[in-house]
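The residues making up each chain are set out below.
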Amino acid sequence: MSEIARIILDGIEYELPVFEGTEGEKAIDISSLRAKSGYITLDSGYKNTGSTKSSITFLDGEKGILHYRGYPIEQLAEKASFLEVSYLLIYGELPNVEQLEWFTKSITMHTLVHEDMRRFFEAFPTGAHPMGILSSMISSLSTFYPESQNPNRPYKDIEKTIHRLIAKMPTLAAQAFKNSQGHPINYPNNKLSYTSNFLHMMYALPSNDYEVDPVVEDALNKLLILHADHEQNCSASTVRIVGSSQANLYSSVSAGIAALWGPLHGGANQEVIEMLETIKADGGGLQKWVDKAKDKTDSFRLMGFGHRVYKNFDPRAKIIKKAADDVLVKLGVDDPVLDIAKQLEEVALKDPYFIERGLYPNVDFYSGIIYRALGIPTDMFTVMFAIGRLPGWIAQWKEMIEAGDPIGRPRQIYTGATARDYVELKNR
Ligand code: SDX
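Residues numbered from 1 in each chain as written. Predicted model: local features only at pLDDT ≥ 70, side-chain atom pairs only at ≥ 80, totals over all residues. Heavy atoms only, no water.

## What about helix 18 (residues 381-403)?
Its 23 residues place the ends of helix 18 33 Å apart at the C-alpha level, agreeing with the 33 Å of an ideal helix rising 1.5 Å per residue. Considering bend angle alone, the principal kink of helix 18 is centred on Arg389 and spans about 45°; proline Pro391 follows within four residues of it. With respect to burial, helix 18 is a largely interior element, 20 of its 23 residues being buried. Directly beyond the C-terminal end of helix 18, a positive phi value near 70° is found at Gly404. (Helix = DSSP H or I, 4+ residues; strand = E, 2+ residues; numbered from the N terminus. Expected span 1.5 Å × (residues − 1). Bend = angle between axes of the 7 residues up to and from the residue. Buried < 20%, exposed > 50% of the residue type's maximum accessible area, 1.4 Å probe, protein only.)

In structure tokens, the structure reads:
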């Protein structure tokens, strides 16, 4: 028997249905509340409000659990390839051999971008942040494929848009990097794997016979998997709400890239490294910085710490922290910033302020250290996050479209001036 929630408003009792998910999460369905009572609910930042039902990703913030379509992130990060996980998120099941071959081939055949896009790079100012470039370039794809603007096109055309997007994102990201370096761009090499192709486009030069280091490729594969989806985070919710107006997928993902860029979201991985470098330059006194983070009069926050959902630990941070040790040893990189990060975590996790608020390292705290060891420049860190998160954004968008969700349009409670008459300028 399904549960009922009872709420009494102005002396009248209303019954609202309770919905329970497959992992035992429960929600009060308030979709009929306004029609029945005239009341709406308020929840700034949607901290306690579910926007949708979804079968893509499950998080348990208290237990530090993260599953993609039921598979634990620890197993996927260890055993799967990024394209395998992308297929899982988008289609709902792990691919068999034929399905993975079909998916990989389709994506490989779409890695090239239109030559006209080269001109865009020339128009950006020198030193333009690659996230600003990437967001613009991804949105402009909808103009090169105008059929993608038709929300009612056949499913096979929608699928082609999905594959094109997954294929072209690394190409555009690498071109943004090469453009920022003043280096000639590299074209995709269809003989390489998805991750190797990206690394080759990033680092090959006419003067070097660049060979992808398997250690680097494995670390990148793991990082992309760990970033692939995270249920209704800020950027995924952005993709959903933009897509709910039937805006095309390229523009919806471009909006997601913009949301991810924020320092409170995906932009935190760049902020963490800059924070750790500042602490290192300041002499490495950690307690001072922990105290600054606790000081409400100080805008400083411990970047890479805290999470809306995880209140014990972010399982991704645990995996990345271990991977950071492994990768730096294998690459023979000695990065003092890793030691500062570990010491900072130790100091903070002994401090009641962080313990009481459930503030632990999140996915962004250690990821920048690995990116740096892989030779990826700091302002490309959030671009790496975007490449990883792309299949998750696509899966969330596809689920929203297939569910026939209505256009997203939240209500509000008005707190401004009540009705008043216009006053002539001379009388003000
Ligand atoms: C990502 O949603 C996702 O799933 C995101 C993500 C994903 O995969 O998509 O996991 C990726 O965005 C990870 C988060 C990256 N951002 C940062 O590392 C920036 C630093 N962290 C924060 O700003 C903060 O923790 C958030 C934004 C992550 C979460 O903010 P919430 O849930 O709105 O929590 P809050 O701001 O209300 O903080 C609760 C308390 C406050 O203190 P009190 O008012 O209770 O006294 O904790 C404090 C905050 O001041 N606090 C921090 C802090 N984070 C929260 N204090 C110091 N340093 C911090 N980092």
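## Things to note about the packing of helix 9 (residues 214-226) against helix 14 (residues 315-331)
Running from N to C, helix 9 and helix 14 point in directions that differ by 170°, and their axes come no closer than 11 Å. In terms of their interaxial angle, helix 9 and helix 14 are classed as roughly antiparallel. Here helix 9 contributes Val215, Val216, Ala219, Lys222, Leu223 and Leu226 to the contact with helix 14, which in turn contributes Arg316, Ile319, Ile320, Ala323, Val327, Lys330 and Leu331. The class makeup of the residues in the contact of helix 9 with helix 14 is 10 nonpolar, no polar and 3 charged. (Axes fitted to C-alpha atoms, helices over the stretch in contact; angles between N-to-C directions. Parallel < 35°, antiparallel > 145°, perpendicular 65-115°, else oblique. Contact = heavy atoms within 4.5 Å. Nonpolar A, V, L, I, M, F, W, Y, C, P; charged D, E, K, R; others polar.)

## Some words on unusual backbone geometry
The backbone of Arg69 sits at a positive phi, close to 50°, despite the residue not being glycine. Summarising the element assignment, Arg69 is placed in the loop between strand 5 (65-68) and strand 6 (71-72). For Gln246, which is not glycine, the phi torsion reads 75° and is therefore positive. Checked against the element boundaries, Gln246 lands in the loop between helix 10 (234-243) and helix 11 (249-260).

## Observations regarding the layout of surface pockets
By volume, the second largest pocket is sized at about 210 Å³. Around the second largest pocket, the lining comprises 17 residues; the ones closest to its centre are Pro151, Gly243, Gln246, Trp397 and Ile401. The greatest single-element share of the lining of the second largest pocket, amounting to 3 residues, is contributed by helix 18. (1 Å grid on protein atoms, 1.4 Å probe; cavity = no way out; pocket = protein on both sides within 12 Å on 5 of 7 lines; lining within 4 Å. Points joined across faces, edges and corners; volume = space filled by probe spheres on them.)

## Structural notes on the side chain of Arg153
In this structure, Arg153 sits in the loop between helix 6 (130-144) and helix 7 (155-181). Buried and unpaired, Arg153 has no salt bridge, with Asp157 as the nearest side chain of opposite charge at 5.7 Å. Only 2.9 Å separates the side chain of Arg153 from the backbone oxygen of Asn150, close enough to count as a polar contact. At 2.9 Å, the side chain of Arg153 forms a polar contact with the side chain of Thr161. (Lys, Arg positive; Asp, Glu negative; His and termini not counted. Salt bridge = Lys/Arg side-chain N within 4 Å of Asp/Glu carboxyl O. Polar contact = N/O pair within 3.5 Å; in protein donor to acceptor, adjacent residues only side chain to side chain.)

## As for the nonpolar core
In this structure, Tyr68, Ile166 and Trp393 are the most contacted members of the largest nonpolar core, which totals 112 residues. The element that contributes the greatest number of residues to this core is helix 18, accounting for 12 residues. Both of domain 2 (96-262 + 380-403) and domain 3 (268-373) provide at least three residues apiece to this core. Setting aside chain neighbours within four positions, we find Trp393 in contact with Met169, Asp229, Ser235, Ala236, Val239, Val253, Gly256, Ile257, Leu260 and Ala386. Counting 6 residues, the second-largest nonpolar core is a separate cluster that includes Leu9, Tyr14, Val18 and Leu33. (Core = buried A, V, L, I, M, F, W, Y, C linked by side-chain atoms within 4.5 Å. Domains from an automatic or database assignment.)

## Side note on the domain arrangement of the chain
In terms of domain boundaries, the chain breaks down into domain 1 (4-50), domain 2 (96-262 + 380-403) and domain 3 (268-373). With centres defined by C-alpha atoms, the gap from domain 1 to domain 3 works out at 38 Å.

## Section: empty space enclosed by the protein
Applying the stated criterion to the full structure yields 3 cavities of 30 Å³ or more. Put simply, the largest cavity is a space of about 110 Å³. Residue assignment for the lining of the largest cavity shows that the elements contributing at least two residues are helix 4 (97-108), helix 7 and helix 8 (194-203). If you tally residues by element for the lining of the largest cavity, the top one is helix 8, at 4 residues. Counted by class, the lining of the largest cavity contains 8 nonpolar, 8 polar and no charged residues.

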